[in-house]
Amino acid sequence: MPPIRDKFTIHSKAVVCQDVELKGDITIGPGTVVHPKATIFAIAGPIVIGSGCIIEEAAIIVNRRKEVMRVGDNNLFEIGCRVECPSIGNFNTISTRARVHHTVRVANYCVIGAACLVVPTDDETLDDYTSIFGPAAERRTWSGRGRVQEADLRLKHGEYLREMLPKFNRLRRGDGT
């Protein structure tokens, strides 16, 4: 296997801290915030992260497939989560210490609860508004109630981080825009 070539395209409006571990072909969209000590590895194929995402400390995003891993807009990856799924829609929350296997595709407005392990044997696509919770990774469909309030809160969270992180951390710039 040839060595992994590093190519980072970080949008000028994105906030990516210096001590983030990046490997491979990675594109980070506008308004995205990547906390210190986060890890993003594009091992086999590239990773494209949309706008307004928040990737917190110790979160790990890995693409082991040759196809492009697409992460939609306004997703929240909380502390210590590990995500390897090939596609993630918009407005999803991957909670603290949750793990999502590479056989899962996540749609929109899904919530994967704290410490949940989502590892199906066959390829699976989570429907919109799916919530996974508890030690047995039980599933429920969310009604969508409060969606607008959650979106507003996520936007405010991103604004706050874009303002505060540069004050206390060095930032990384990409080779592109």
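Here we summarise the structure given alongside this text. (Residues numbered from 1 in each chain as written. Predicted model: local features only at pLDDT ≥ 70, side-chain atom pairs only at ≥ 80, totals over all residues. Heavy atoms only, no water.)

**As for the sheet that holds strand E21 (residues 138-141)**
Paired through backbone hydrogen bonds, the strands of a sheet run either parallel or antiparallel to each other. Read from one edge of the open sheet, eight strands run E2-E5-E8-E11-E14-E17-E20-E21, paired in mixed fashion. The open sheet has two free edges, formed respectively by strand E2 (15-16) and E21, since each of these has just one partner strand. When strand E17 (residues 111-112) meets strand E20 (residues 130-133), the two strands line up parallel, connected through two bridges. Bridging from a neighbouring strand, Val-111 pairs with Ser-131 of E20. (Pairing = 2+ DSSP bridges. Helix = DSSP H or I, 4+ residues; strand = E, 2+ residues; numbered from the N terminus.)

**Things to note about helix H1 (residues 147-168)**
Helix length check: H1, at 22 residues, gives a terminal C-alpha distance of 32 Å against a target of 32 Å (1.5 Å per residue), a fit within 8%. All of the buried residues in H1 are Ala-151, Arg-154, Gly-158, Leu-161 and Leu-165. Of the surrounding elements, those touching the buried residues of H1 are E2, strand E5 (33-34), strand E8 (54-55), strand E11 (76-77) and strand E14 (93-94). (Expected span 1.5 Å × (residues − 1). Buried < 20%, exposed > 50% of the residue type's maximum accessible area, 1.4 Å probe, protein only. Contact = heavy atoms within 4.5 Å.)

**A few points about the environment of Ile-79**
As for its position among the elements, Ile-79 is in the loop between E11 and strand E12 (82-83). Judged by its relative accessible area of 41%, Ile-79 is partly exposed. Measuring from C-alpha to C-alpha, the distance between Ile-79 and Ser-95 comes to 7.3 Å, with 16 residues separating the pair along the chain. Those residues in contact with Ile-79, other than ones at most four positions away along the chain, are Glu-56, Glu-57, Thr-96 and Arg-97.

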